[in-house]
Amino acid sequence: MAKLIVTRNGTVIGHFFVDQENFIIGRQAECNLVLEDGSVSKQHAVIVSVANDQILEDRSTNGTLVNGEKVEKHILQNNDMIQIGSFVLKYMSQRAAREMDFEQTMMLDQQVLEAELDRAENIDKPAEKQPGISAARVSGMKLPEGVLRPLNGVASAKPIQLQRVIHPLGLPDKSYAVIVRRPHGFHLQPVVGGRALKLNGQSLGEAQVLLKEGDEIVVGSEIYSFATR
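What comes next concerns the included structure. (Residues numbered from 1 in each chain as written. Predicted model: local features only at pLDDT ≥ 70, side-chain atom pairs only at ≥ 80, totals over all residues. Heavy atoms only, no water.)

**Observations concerning the environment of Met81**
Here is step 1: Its location among the elements puts Met81 in strand E10 (residues 81-84).
Here is step 2: Spatially, the C-alpha atoms of Met81 and Ile5 are 9.5 Å apart, while their sequence positions differ by 76 residues.
Here is step 3: Residues contacting Met81, with those up to four places away along its chain left out, are Leu65, Val66, Asn67, Val88, Leu89 and Lys90. (Helix = DSSP H or I, 4+ residues; strand = E, 2+ residues; numbered from the N terminus. Contact = heavy atoms within 4.5 Å.)

**Some points on the pattern of salt bridges**
Here is step 1: Taken as a whole and assessed by the stated rule, the structure comprises three salt bridges.
Here is step 2: Of the charged contacts, one joins Asp53 and Arg182 as a salt bridge, the two residues approaching to 2.9 Å between their closest N and O atoms. Pair noted here: Asp53 is in strand E6 (residues 53-58) and Arg182 is in strand E15 (residues 175-182), with a separation of 129 residues, a long-range link.
Here is step 3: The closest approach of N and O atoms between Glu57 and Lys73, which form a salt bridge, is 3.0 Å. A residue pair is termed long-range when its members are at least 10 positions apart, and Glu57 in strand E6 and Lys73 in strand E9 (residues 73-75) qualify at 16 residues. (Salt bridge = Lys/Arg side-chain N within 4 Å of Asp/Glu carboxyl O.)

Right under this line is the structure:
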């Protein structure tokens, strides 16, 4: 379970577990984490749990910073520093840390594979110019590859490569979903609302759905076809 370590002016105020699906942070007494400060909105921000990830959404007029940068939506990572008014919230999650390590490992594996392919294509070059990477290092598990093909709009629209662990869809004020990339496949997950989100003509609830080849995804006015590569 993730937690927030809250400090103000360098003094630790407390530790708070993010134990709700929608963990609301703000000045209002009904919030899950109450921060009493005039610069904090009544409901300043919310942490939304989506599958194995947690997304910070800003709902304020004064803004929310993560690691010194203003954000509207941010996929939280272990040790992220969230600044709300005069408060600093350190996000800690062993699960997020494992996810980050896993993604970095997958990126390394992809780099190793590309180096091996380059070595194979340049086999006739002098040995000293060939990348010295053992093929044994390429045997690790890799994330699947997938694309979204736009079905409306201009005919020349290029397919969208699903290369990130989480790919956002839609607009926060209309409909919003994410495609979560996992070793066993791609999952479609509603985040906010969902009435304008459809999969193969059917509206989705809150459950995560494993995508299949040829699935049609409608997000607001956008229509996509999902495919693996």
